[in-house]
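# Fold and geometry: a report
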Amino acid sequence: MSYTALYRKFRPVSFADVKGQEHIVTTLTNQLTMNRIGHAYLFCGTRGTGKTTVAKILARAVNCSSPLEDGSPCGECEMCRAIAEGRSLNVAEIDAASNNSVENVRQIIDELAYPPVDGRYRVYILDEAHMLSQGAANALLKTLEEPPAYVIFILATTDPAKLPVTIMSRCQRYDFRRISIDTIAERMKELTEAEGIDVEEKALRYVARAADGSMRDGLSLLDQCVAFHFGETLTYERVLDILGAVDTEVFSRLLRAVMAGEVSGAMKLVEDVVMQGREIRQFVTDFLWYLRNIMLLKASDDGDMEELLNVSGEHLKALKEEAQQLEMNTILRYISVFSELQQNLRYATQKRIMLETWLIRLMRPQMDTDVSSLLERVRELEKQLKNGIPAAAVSVSAKPAPAAEKVQLSRAVPEEVKQIVKDWPVILGKSSFLYKAMLKTAKLSMGENGALLLCFEESLHVKTMKEHSEELAELLNEHLGKEVPFEIAGYDPGQEFDTQFADLKELLNISYEVEE
Ligand SMILES: [Zn+2]
(Lines give C-alpha, C1' and ligand atoms only; values in the text may rest on other atoms or scores of the structure.)
Protein backbone atom coordinates (compact mmCIF):
# COMPACT_ATOMS: atom_id res chain seq x y z
CA MET A 1 0.00 0.00 0.00
CA SER A 2 1.45 3.33 -0.94
CA TYR A 3 1.60 6.25 1.37
CA THR A 4 0.44 9.72 0.36
CA ALA A 5 2.26 12.48 2.17
CA LEU A 6 0.05 14.12 4.78
CA TYR A 7 1.34 17.48 3.70
CA ARG A 8 -0.01 17.03 0.17
CA LYS A 9 -3.15 15.21 1.12
CA PHE A 10 -4.35 17.71 3.72
CA ARG A 11 -3.54 21.06 2.24
CA PRO A 12 -6.06 23.55 3.70
CA VAL A 13 -8.85 24.28 1.24
CA SER A 14 -10.97 26.62 3.34
CA PHE A 15 -10.19 29.30 5.91
CA ALA A 16 -11.38 27.02 8.71
CA ASP A 17 -8.56 24.58 7.89
CA VAL A 18 -5.87 27.21 8.42
CA LYS A 19 -4.38 26.65 11.85
CA GLY A 20 -2.61 29.10 14.12
CA GLN A 21 -3.39 32.27 12.12
CA GLU A 22 -6.83 33.04 13.51
CA HIS A 23 -6.16 36.79 13.68
CA ILE A 24 -5.58 36.91 9.94
CA VAL A 25 -8.31 34.50 8.94
CA THR A 26 -10.91 36.46 10.95
CA THR A 27 -10.01 39.74 9.28
CA LEU A 28 -10.03 38.23 5.82
CA THR A 29 -13.31 36.38 6.22
CA ASN A 30 -14.88 39.59 7.56
CA GLN A 31 -13.69 41.46 4.51
CA LEU A 32 -15.05 38.76 2.24
CA THR A 33 -18.47 38.56 3.84
CA MET A 34 -18.78 42.34 3.97
CA ASN A 35 -17.49 42.62 0.42
CA ARG A 36 -14.69 44.94 1.39
CA ILE A 37 -11.79 43.26 -0.29
CA GLY A 38 -8.50 45.11 -0.51
CA HIS A 39 -6.43 45.40 -3.66
CA ALA A 40 -2.97 44.97 -2.24
CA TYR A 41 -2.07 42.62 0.58
CA LEU A 42 1.29 41.99 2.17
CA PHE A 43 1.68 38.63 3.92
CA CYS A 44 4.77 38.51 6.14
CA GLY A 45 6.13 35.64 8.17
CA THR A 46 8.70 32.87 8.34
CA ARG A 47 8.43 29.92 6.00
CA GLY A 48 5.77 27.31 6.50
CA THR A 49 3.39 29.58 8.38
CA GLY A 50 0.71 29.53 5.66
CA LYS A 51 1.26 32.71 3.63
CA THR A 52 0.88 31.11 0.20
CA THR A 53 -1.82 28.75 1.41
CA VAL A 54 -3.96 31.65 2.64
CA ALA A 55 -3.20 33.63 -0.53
CA LYS A 56 -4.48 30.74 -2.64
CA ILE A 57 -7.63 30.32 -0.57
CA LEU A 58 -8.27 34.05 -0.87
CA ALA A 59 -7.73 33.89 -4.64
CA ARG A 60 -10.37 31.18 -4.92
CA ALA A 61 -12.72 32.83 -2.45
CA VAL A 62 -12.96 36.09 -4.40
CA ASN A 63 -13.74 34.18 -7.58
CA CYS A 64 -15.99 31.45 -6.19
CA SER A 65 -19.55 31.51 -7.50
CA SER A 66 -21.12 30.12 -4.31
CA PRO A 67 -18.83 30.85 -1.36
CA LEU A 68 -19.47 29.34 2.07
CA GLU A 69 -20.90 31.36 4.93
CA ASP A 70 -17.46 32.44 6.21
CA GLY A 71 -16.46 33.54 2.70
CA SER A 72 -14.37 30.41 2.06
CA PRO A 73 -14.39 29.02 -1.49
CA CYS A 74 -16.88 26.19 -2.05
CA GLY A 75 -14.28 24.04 -3.80
CA GLU A 76 -16.89 22.66 -6.16
CA CYS A 77 -17.92 25.33 -8.64
CA GLU A 78 -16.21 25.63 -12.02
CA MET A 79 -14.04 28.58 -10.91
CA CYS A 80 -12.87 26.85 -7.74
CA ARG A 81 -11.92 23.76 -9.68
CA ALA A 82 -10.26 25.62 -12.52
CA ILE A 83 -8.09 27.56 -10.07
CA ALA A 84 -7.25 24.48 -8.01
CA GLU A 85 -6.17 22.64 -11.13
CA GLY A 86 -4.14 25.60 -12.35
CA ARG A 87 -6.31 26.04 -15.47
CA SER A 88 -7.61 29.51 -14.67
CA LEU A 89 -5.98 32.64 -16.03
CA ASN A 90 -7.39 34.58 -13.09
CA VAL A 91 -4.75 33.49 -10.64
CA ALA A 92 -1.03 33.80 -11.24
CA GLU A 93 1.58 32.75 -8.74
CA ILE A 94 4.89 34.38 -9.47
CA ASP A 95 8.16 33.66 -7.73
CA ALA A 96 9.75 37.07 -7.36
CA ALA A 97 13.10 35.45 -6.67
CA SER A 98 13.41 34.29 -10.26
CA ASN A 99 11.18 36.92 -11.92
CA ASN A 100 12.59 40.02 -10.35
CA SER A 101 13.36 42.22 -13.33
CA VAL A 102 11.59 45.35 -14.56
CA GLU A 103 10.64 43.40 -17.68
CA ASN A 104 8.84 40.73 -15.61
CA VAL A 105 6.82 43.37 -13.80
CA ARG A 106 5.99 45.26 -17.02
CA GLN A 107 4.65 42.03 -18.45
CA ILE A 108 2.32 41.65 -15.46
CA ILE A 109 1.19 45.26 -15.77
CA ASP A 110 0.43 44.77 -19.48
CA GLU A 111 -1.79 41.80 -18.65
CA LEU A 112 -3.75 43.90 -16.19
CA ALA A 113 -5.36 45.88 -19.00
CA TYR A 114 -7.75 43.00 -19.61
CA PRO A 115 -10.51 42.22 -17.14
CA PRO A 116 -11.07 38.56 -16.32
CA VAL A 117 -13.10 36.61 -18.88
CA ASP A 118 -14.93 34.62 -16.22
CA GLY A 119 -14.89 35.03 -12.45
CA ARG A 120 -14.51 38.42 -10.82
CA TYR A 121 -10.88 39.07 -9.96
CA ARG A 122 -7.42 38.57 -11.35
CA VAL A 123 -5.20 37.69 -8.44
CA TYR A 124 -1.41 37.99 -8.56
CA ILE A 125 0.46 36.17 -5.83
CA LEU A 126 4.03 37.44 -5.65
CA ASP A 127 6.15 35.05 -3.60
CA GLU A 128 9.36 36.24 -1.93
CA ALA A 129 8.42 39.80 -2.89
CA HIS A 130 11.52 41.23 -1.20
CA MET A 131 13.60 39.73 -4.02
CA LEU A 132 12.19 42.22 -6.56
CA SER A 133 14.86 44.51 -7.94
CA GLN A 134 14.65 48.22 -7.17
CA GLY A 135 13.52 48.91 -10.74
CA ALA A 136 10.88 46.20 -10.63
CA ALA A 137 9.54 47.53 -7.33
CA ASN A 138 9.31 51.02 -8.82
CA ALA A 139 7.48 49.71 -11.85
CA LEU A 140 4.99 47.99 -9.57
CA LEU A 141 4.38 51.02 -7.37
CA LYS A 142 2.02 52.95 -9.57
CA THR A 143 -0.12 49.89 -10.23
CA LEU A 144 -0.24 49.08 -6.54
CA GLU A 145 -1.45 52.60 -5.89
CA GLU A 146 -4.40 52.44 -8.25
CA PRO A 147 -4.96 48.91 -9.47
CA PRO A 148 -7.95 48.25 -11.75
CA ALA A 149 -11.01 47.26 -9.69
CA TYR A 150 -10.72 43.65 -10.81
CA VAL A 151 -7.11 43.18 -9.67
CA ILE A 152 -5.76 41.95 -6.34
CA PHE A 153 -2.07 41.76 -5.50
CA ILE A 154 -0.88 39.49 -2.71
CA LEU A 155 2.78 39.99 -1.86
CA ALA A 156 4.28 37.30 0.33
CA THR A 157 7.63 37.71 2.01
CA THR A 158 9.81 36.16 4.67
CA ASP A 159 11.79 39.36 5.00
CA PRO A 160 9.59 42.49 4.97
CA ALA A 161 12.48 44.66 6.16
CA LYS A 162 13.97 44.34 2.67
CA LEU A 163 10.85 45.67 0.94
CA PRO A 164 10.83 49.33 -0.03
CA VAL A 165 8.69 51.39 2.36
CA THR A 166 6.81 52.78 -0.63
CA ILE A 167 5.59 49.29 -1.49
CA MET A 168 4.77 48.42 2.10
CA SER A 169 2.73 51.55 2.67
CA ARG A 170 0.44 50.65 -0.22
CA CYS A 171 -0.46 47.23 1.13
CA GLN A 172 -2.61 45.91 3.95
CA ARG A 173 -0.05 44.11 6.05
CA TYR A 174 -0.68 40.78 7.78
CA ASP A 175 1.94 39.18 10.00
CA PHE A 176 1.78 35.41 10.04
CA ARG A 177 2.76 33.97 13.39
CA ARG A 178 5.05 31.09 13.98
CA ILE A 179 2.70 28.28 14.82
CA SER A 180 2.79 27.01 18.38
CA ILE A 181 3.91 23.49 19.29
CA ASP A 182 0.40 22.80 20.63
CA THR A 183 -1.31 23.85 17.40
CA ILE A 184 1.07 21.81 15.25
CA ALA A 185 0.76 18.76 17.51
CA GLU A 186 -3.03 19.06 17.52
CA ARG A 187 -3.21 19.26 13.74
CA MET A 188 -0.91 16.24 13.45
CA LYS A 189 -3.11 14.34 15.82
CA GLU A 190 -6.18 15.12 13.70
CA LEU A 191 -4.48 14.01 10.51
CA THR A 192 -2.93 10.82 11.89
CA GLU A 193 -6.30 9.88 13.38
CA ALA A 194 -8.03 10.49 10.06
CA GLU A 195 -5.43 8.28 8.37
CA GLY A 196 -5.57 5.56 11.01
CA ILE A 197 -1.90 6.00 11.85
CA ASP A 198 -0.94 4.83 15.32
CA VAL A 199 1.35 7.34 16.96
CA GLU A 200 2.39 8.18 20.50
CA GLU A 201 1.41 11.59 21.83
CA LYS A 202 4.97 12.19 23.02
CA ALA A 203 6.29 11.40 19.54
CA LEU A 204 3.95 13.97 18.00
CA ARG A 205 5.05 16.62 20.46
CA TYR A 206 8.68 15.95 19.68
CA VAL A 207 8.06 16.34 15.94
CA ALA A 208 6.00 19.49 16.55
CA ARG A 209 8.83 20.97 18.55
CA ALA A 210 11.35 20.14 15.84
CA ALA A 211 9.12 21.93 13.31
CA ASP A 212 10.10 25.22 14.87
CA GLY A 213 6.91 27.13 14.16
CA SER A 214 6.40 25.83 10.63
CA MET A 215 3.37 23.65 9.94
CA ARG A 216 4.85 22.62 6.62
CA ASP A 217 8.14 21.48 8.18
CA GLY A 218 6.20 19.71 10.91
CA LEU A 219 4.07 17.71 8.51
CA SER A 220 6.96 16.81 6.28
CA LEU A 221 9.01 15.62 9.28
CA LEU A 222 6.03 13.57 10.39
CA ASP A 223 5.74 12.18 6.86
CA GLN A 224 9.38 11.08 6.99
CA CYS A 225 8.82 9.28 10.28
CA VAL A 226 5.57 7.61 9.21
CA ALA A 227 7.00 6.50 5.87
CA PHE A 228 9.95 4.95 7.67
CA HIS A 229 7.80 2.84 9.95
CA PHE A 230 4.73 2.47 7.78
CA GLY A 231 2.09 0.25 9.32
CA GLU A 232 3.78 0.22 12.72
CA THR A 233 3.21 2.34 15.78
CA LEU A 234 5.26 5.51 15.66
CA THR A 235 6.90 5.69 19.07
CA TYR A 236 8.89 8.43 20.70
CA GLU A 237 12.06 6.32 20.44
CA ARG A 238 11.58 5.76 16.73
CA VAL A 239 11.08 9.46 16.13
CA LEU A 240 14.26 10.23 18.05
CA ASP A 241 16.04 7.69 15.89
CA ILE A 242 14.81 9.07 12.60
CA LEU A 243 15.11 12.74 13.35
CA GLY A 244 18.59 12.22 14.65
CA ALA A 245 18.11 13.47 18.15
CA VAL A 246 21.23 13.66 20.21
CA ASP A 247 21.61 12.51 23.74
CA THR A 248 21.61 15.33 26.26
CA GLU A 249 24.99 14.13 27.42
CA VAL A 250 26.48 15.37 24.16
CA PHE A 251 25.01 18.82 24.80
CA SER A 252 26.42 18.88 28.25
CA ARG A 253 29.87 18.06 26.88
CA LEU A 254 29.53 20.66 24.15
CA LEU A 255 28.41 23.36 26.55
CA ARG A 256 31.25 22.59 28.95
CA ALA A 257 33.76 22.78 26.09
CA VAL A 258 32.31 26.15 25.05
CA MET A 259 32.39 27.45 28.62
CA ALA A 260 36.01 26.39 28.98
CA GLY A 261 36.88 27.84 25.58
CA GLU A 262 38.23 24.50 24.37
CA VAL A 263 38.02 24.92 20.61
CA SER A 264 39.53 21.51 19.81
CA GLY A 265 37.16 19.73 22.20
CA ALA A 266 34.13 21.41 20.62
CA MET A 267 35.33 20.63 17.09
CA LYS A 268 35.84 16.99 18.03
CA LEU A 269 32.25 16.85 19.23
CA VAL A 270 31.00 18.33 15.97
CA GLU A 271 33.04 15.71 14.14
CA ASP A 272 31.36 12.95 16.20
CA VAL A 273 27.91 14.35 15.55
CA VAL A 274 28.58 14.48 11.81
CA MET A 275 30.06 10.98 11.77
CA GLN A 276 26.96 9.62 13.46
CA GLY A 277 24.95 11.01 10.57
CA ARG A 278 23.04 13.46 12.72
CA GLU A 279 21.21 16.29 11.02
CA ILE A 280 23.03 19.48 11.98
CA ARG A 281 20.05 21.78 12.01
CA GLN A 282 18.20 19.44 14.30
CA PHE A 283 21.28 19.26 16.49
CA VAL A 284 21.32 23.05 16.80
CA THR A 285 17.57 23.18 17.52
CA ASP A 286 17.97 20.61 20.27
CA PHE A 287 20.95 22.43 21.70
CA LEU A 288 18.85 25.61 21.83
CA TRP A 289 16.29 23.73 23.92
CA TYR A 290 19.08 22.55 26.15
CA LEU A 291 20.21 26.16 26.65
CA ARG A 292 16.64 27.18 27.26
CA ASN A 293 16.42 24.65 30.07
CA ILE A 294 19.53 26.08 31.66
CA MET A 295 18.08 29.56 31.37
CA LEU A 296 14.86 28.45 33.08
CA LEU A 297 16.83 26.86 35.89
CA LYS A 298 18.90 30.00 36.28
CA ALA A 299 15.81 32.20 36.34
CA SER A 300 14.02 30.23 39.04
CA ASP A 301 15.38 30.48 42.54
CA ASP A 302 13.37 27.79 44.21
CA GLY A 303 13.54 25.00 41.65
CA ASP A 304 9.89 25.45 40.64
CA MET A 305 10.87 25.13 36.99
CA GLU A 306 11.87 21.51 37.13
CA GLU A 307 8.64 20.08 35.82
CA LEU A 308 8.78 22.39 32.80
CA LEU A 309 12.07 20.91 31.74
CA ASN A 310 11.03 17.38 30.96
CA VAL A 311 14.41 15.86 31.80
CA SER A 312 15.44 12.94 33.96
CA GLY A 313 16.94 13.27 37.43
CA GLU A 314 20.55 12.69 36.49
CA HIS A 315 20.43 15.17 33.63
CA LEU A 316 18.84 17.68 35.92
CA LYS A 317 21.88 17.51 38.17
CA ALA A 318 24.22 18.32 35.27
CA LEU A 319 21.93 21.11 34.11
CA LYS A 320 21.90 22.67 37.55
CA GLU A 321 25.67 22.63 37.75
CA GLU A 322 25.94 24.34 34.40
CA ALA A 323 23.28 26.89 35.30
CA GLN A 324 25.24 27.73 38.42
CA GLN A 325 28.47 28.30 36.56
CA LEU A 326 27.00 30.54 33.87
CA GLU A 327 25.98 34.19 34.14
CA MET A 328 22.49 34.98 32.85
CA ASN A 329 23.98 37.38 30.29
CA THR A 330 26.25 34.66 28.93
CA ILE A 331 23.32 32.26 28.59
CA LEU A 332 21.36 34.91 26.72
CA ARG A 333 24.30 35.53 24.43
CA TYR A 334 24.59 31.81 23.69
CA ILE A 335 20.88 31.62 22.95
CA SER A 336 20.99 34.66 20.68
CA VAL A 337 23.98 33.36 18.76
CA PHE A 338 22.46 29.92 18.33
CA SER A 339 19.05 31.30 17.30
CA GLU A 340 20.82 33.28 14.62
CA LEU A 341 22.75 30.18 13.57
CA GLN A 342 19.53 28.18 13.38
CA GLN A 343 18.00 30.76 11.05
CA ASN A 344 21.07 30.83 8.84
CA LEU A 345 21.27 27.04 8.61
CA ARG A 346 17.94 26.87 6.83
CA TYR A 347 19.46 27.81 3.52
CA ALA A 348 23.07 26.89 4.12
CA THR A 349 24.69 24.15 2.09
CA GLN A 350 27.86 23.99 4.18
CA LYS A 351 26.07 23.39 7.47
CA ARG A 352 29.01 21.89 9.26
CA ILE A 353 31.35 24.78 8.49
CA MET A 354 28.69 27.17 9.65
CA LEU A 355 28.24 25.35 12.96
CA GLU A 356 31.99 25.29 13.53
CA THR A 357 32.32 28.97 12.71
CA TRP A 358 29.53 29.91 15.10
CA LEU A 359 31.02 27.81 17.88
CA ILE A 360 34.36 29.55 17.50
CA ARG A 361 32.52 32.84 17.52
CA LEU A 362 30.95 31.88 20.83
CA MET A 363 34.25 30.97 22.35
CA ARG A 364 36.22 33.86 20.90
CA PRO A 365 33.89 36.87 20.96
CA GLN A 366 36.89 39.19 20.56
CA MET A 367 37.49 37.93 17.04
CA ASP A 368 33.91 38.37 15.99
CA THR A 369 34.83 40.79 13.24
CA ASP A 370 37.25 38.32 11.71
CA VAL A 371 34.75 35.52 11.87
CA SER A 372 32.06 37.56 10.19
CA SER A 373 34.36 38.25 7.31
CA LEU A 374 35.03 34.54 7.09
CA LEU A 375 31.28 33.94 7.16
CA GLU A 376 30.85 36.43 4.41
CA ARG A 377 33.18 34.29 2.31
CA VAL A 378 31.27 31.13 3.17
CA ARG A 379 28.08 32.88 2.06
CA GLU A 380 29.72 34.00 -1.18
CA LEU A 381 30.74 30.41 -1.85
CA GLU A 382 27.25 29.21 -1.21
CA LYS A 383 25.81 31.81 -3.50
CA GLN A 384 28.01 30.53 -6.30
CA LEU A 385 26.98 26.98 -5.53
CA LYS A 386 23.33 27.87 -5.72
CA ASN A 387 23.49 29.02 -9.30
CA GLY A 388 20.56 30.90 -10.70
CA ILE A 389 19.27 32.43 -7.52
CA PRO A 390 19.85 36.14 -7.66
CA ALA A 391 21.24 37.62 -4.50
CA ALA A 392 18.70 39.71 -2.67
CA ALA A 393 19.18 43.39 -3.06
CA VAL A 394 21.51 44.45 -0.31
CA SER A 395 19.62 46.74 1.95
CA VAL A 396 21.81 49.57 3.06
CA SER A 397 21.02 50.32 6.63
CA ALA A 398 21.22 54.01 7.24
CA LYS A 399 23.08 54.67 10.44
CA PRO A 400 21.97 57.81 12.22
CA ALA A 401 24.32 60.63 11.39
CA PRO A 402 26.60 61.52 14.25
CA ALA A 403 24.94 64.31 16.13
CA ALA A 404 26.14 65.62 19.42
CA GLU A 405 22.76 67.20 20.12
CA LYS A 406 19.97 65.35 21.78
CA VAL A 407 17.11 64.30 19.55
CA GLN A 408 13.92 66.20 20.31
CA LEU A 409 10.36 65.07 19.70
CA SER A 410 8.96 65.97 16.31
CA ARG A 411 5.33 65.51 17.36
CA ALA A 412 3.11 64.96 20.35
CA VAL A 413 3.45 61.63 22.10
CA PRO A 414 0.23 59.56 21.91
CA GLU A 415 -1.38 58.77 25.27
CA GLU A 416 -0.83 55.02 25.02
CA VAL A 417 2.87 55.47 24.33
CA LYS A 418 3.16 57.78 27.35
CA GLN A 419 1.39 55.24 29.47
CA ILE A 420 3.76 52.47 28.40
CA VAL A 421 6.80 54.57 29.25
CA LYS A 422 5.31 55.43 32.64
CA ASP A 423 4.40 51.83 33.43
CA TRP A 424 7.54 50.30 31.97
CA PRO A 425 8.84 48.79 35.23
CA VAL A 426 5.40 47.25 35.85
CA ILE A 427 5.29 45.85 32.32
CA LEU A 428 8.79 44.41 32.77
CA GLY A 429 7.53 42.74 35.91
CA LYS A 430 4.76 41.07 33.95
CA SER A 431 6.97 39.94 31.08
CA SER A 432 7.92 36.31 30.81
CA PHE A 433 11.40 35.66 32.13
CA LEU A 434 12.32 34.40 28.69
CA TYR A 435 12.59 37.97 27.47
CA LYS A 436 12.74 39.98 30.65
CA ALA A 437 16.51 40.25 30.64
CA MET A 438 16.48 41.51 27.05
CA LEU A 439 13.59 43.90 27.60
CA LYS A 440 15.40 45.40 30.57
CA THR A 441 18.07 46.66 28.21
CA ALA A 442 15.53 48.40 25.95
CA LYS A 443 15.38 52.17 25.59
CA LEU A 444 12.03 53.68 24.74
CA SER A 445 11.50 56.13 21.94
CA MET A 446 8.87 57.08 19.37
CA GLY A 447 8.87 56.34 15.65
CA GLU A 448 7.98 58.81 12.88
CA ASN A 449 4.42 57.54 12.81
CA GLY A 450 3.93 57.94 16.54
CA ALA A 451 4.43 54.25 17.28
CA LEU A 452 6.31 53.15 20.36
CA LEU A 453 9.91 52.40 19.46
CA LEU A 454 11.89 49.86 21.49
CA CYS A 455 15.60 50.30 20.93
CA PHE A 456 18.29 47.76 21.74
CA GLU A 457 22.02 48.13 21.76
CA GLU A 458 22.66 44.48 20.90
CA SER A 459 21.78 43.59 17.33
CA LEU A 460 21.07 40.04 18.47
CA HIS A 461 18.46 41.35 20.88
CA VAL A 462 16.87 43.32 18.04
CA LYS A 463 16.67 40.15 16.02
CA THR A 464 15.35 38.00 18.83
CA MET A 465 12.72 40.52 19.90
CA LYS A 466 11.60 40.96 16.29
CA GLU A 467 11.14 37.24 16.02
CA HIS A 468 9.10 37.26 19.18
CA SER A 469 7.15 40.42 18.49
CA GLU A 470 3.83 38.64 19.00
CA GLU A 471 4.65 37.90 22.61
CA LEU A 472 5.68 41.51 23.04
CA ALA A 473 2.47 42.72 21.40
CA GLU A 474 0.47 40.53 23.74
CA LEU A 475 2.29 41.90 26.75
CA LEU A 476 1.73 45.54 25.76
CA ASN A 477 -1.85 45.08 24.58
CA GLU A 478 -2.77 43.17 27.67
CA HIS A 479 -1.34 45.84 29.89
CA LEU A 480 -3.23 48.70 28.23
CA GLY A 481 -6.29 46.75 27.20
CA LYS A 482 -5.88 47.93 23.62
CA GLU A 483 -3.54 47.65 20.71
CA VAL A 484 -0.30 49.60 20.92
CA PRO A 485 1.59 49.91 17.66
CA PHE A 486 5.32 49.42 18.22
CA GLU A 487 8.55 48.92 16.37
CA ILE A 488 11.90 47.45 17.27
CA ALA A 489 15.18 49.05 16.32
CA GLY A 490 18.84 48.96 17.15
CA TYR A 491 21.05 51.85 18.16
CA ASP A 492 24.74 52.48 17.96
CA PRO A 493 26.34 51.72 21.32
CA GLY A 494 29.26 53.99 20.35
CA GLN A 495 27.14 57.09 20.90
CA GLU A 496 24.76 58.31 23.56
CA PHE A 497 21.29 56.92 22.99
CA ASP A 498 19.56 60.30 23.22
CA THR A 499 21.69 61.71 20.39
CA GLN A 500 20.31 59.00 18.11
CA PHE A 501 16.69 58.66 19.20
CA ALA A 502 14.35 60.78 21.28
CA ASP A 503 14.70 59.39 24.80
CA LEU A 504 11.07 59.32 25.93
CA LYS A 505 11.82 58.62 29.56
CA GLU A 506 14.00 61.69 29.73
CA LEU A 507 11.80 63.95 27.59
CA LEU A 508 8.63 63.03 29.46
CA ASN A 509 10.41 63.59 32.75
CA ILE A 510 9.67 60.14 34.04
CA SER A 511 12.09 58.68 36.51
CA TYR A 512 12.62 55.13 37.61
CA GLU A 513 15.54 52.79 37.52
CA VAL A 514 15.52 49.46 35.76
CA GLU A 515 18.15 47.34 37.43
CA GLU A 516 20.21 45.28 34.99
ZN1 LIG B 1 -16.53 27.79 -5.60
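Values in this document were obtained by computation on a predicted structure and should not be read as measured data. (Residues numbered from 1 in each chain as written. Predicted model: local features only at pLDDT ≥ 70, side-chain atom pairs only at ≥ 80, totals over all residues.)

One non-glycine residue, N35, lies in the positive phi region at around 60°. Note on placement: N35 falls in the loop between α2 (22-33) and β1 (40-44). The exposure class assigned to N35 is exposed, which follows from the 8 C-beta atoms found within 10 Å. Unusually for a residue other than glycine, N509 sits at a positive phi of about 60°. Of note, N509 is situated in the segment after α24 (504-507). (Helix = DSSP H or I, 4+ residues; strand = E, 2+ residues; numbered from the N terminus. Buried ≥ 20, exposed ≤ 12 C-beta atoms within 10 Å, placed from the backbone.)

With 12 residues, α2 extends 16 Å from end C-alpha to end C-alpha; this agrees with the ideal 16 Å at 1.5 Å per step. Of all the positions in α2, only I24, V25, L28, T29 and L32 are classed as buried. Across the axial projection of α2, the buried residues extend over an arc of 120°, all falling on one side. Exposed and oriented more than 90 degrees from the buried face of α2 are E22, T26, T27 and N30. Looking at the buried positions of α2, the neighbouring elements they touch are α3 (51-63) and β5 (172-175). (Expected span 1.5 Å × (residues − 1). Arc of directions from axis to C-beta. Contact = placed C-beta atoms within 7 Å.)

When you tally the buried positions in strand β3 (residues 122-127), you get 6 out of 6 residues, the bulk of the element. A two-sided burial pattern is seen for β3, the buried positions comprising R122, Y124 and L126 on one face and V123, I125 and D127 on the other. Pairing of strand β2 (residues 91-95) with β3, which is carried by 5 bridges, proceeds in the parallel orientation. Residue E93 lies in a different strand from β3, and its bridge partner there is I125. With respect to chirality, the unit in which β2 leads through helix α5 (residues 102-111) into the neighbouring parallel β3 is right-handed. Where β3 meets strand β4 (residues 151-157), 5 bridges bridge the pair, whose relative direction is parallel. Among the inter-strand pairings, Y124 is bridged to a residue of β4, identified as F153. (Pairing = 2+ DSSP bridges. Right-handed = clockwise from strand over helix to strand, strands pointing away.)

The next thing to look at is the confidence of the model for the protein. Overall, the predicted model of the protein reaches an average pLDDT of 83, with 87% of residues at or above 70. Low pLDDT (under 50) marks residues 388-403, which in the prediction has 18 contacts with non-local residues, meaning those over four places away or in another chain. (pLDDT = per-residue confidence, 0-100.)

With parallel pairing, 5 strands are arranged side by side in an open sheet as β2-β3-β4-β1-β5. Strand pairing shows two members of the sheet lacking a second neighbour, β2 and β5, which therefore form its edges. Within the sheet, the average angular offset between the axes of one strand and its neighbour, ignoring direction, is 15°. Direction of pairing for β1 relative to β5: parallel, over a ladder of 4 bridges. Bridging from a neighbouring strand, F43 pairs with Y174 of β5. (Axes fitted to C-alpha atoms, helices over the stretch in contact; angles between N-to-C directions.)

Our focus in this paragraph is the sheet that holds strand β8 (residues 486-490). One open sheet holds the 3 strands; their spatial order is β6-β7-β8, and the pairing between them is mixed. What marks the edges here is a single partner per strand, and that holds for β6 (443-446) and β8. Strand-to-strand, the axes of this sheet are offset by a mean angle of 30°, without reference to chain direction. Sheet analysis places β6 next to strand β7 (residues 452-456), joined by 4 bridges and oriented antiparallel.

Closest axis-to-axis distance for the helix α8 (residues 181-194)/helix α10 (residues 215-228) pair is 10 Å, and the angle between their directions is 45°. Judged by the inter-axis angle, α8 sits oblique to α10. By crossing handedness, the relation of α8 to α10 is classed as right-handed. Residues I184, R187 and M188 of α8 form the contact with α10, whose own contacting residues are M215, G218 and L222. (Parallel < 35°, antiparallel > 145°, perpendicular 65-115°, else oblique. Left-handed = near helix turned anticlockwise from the far one by under 90°.)

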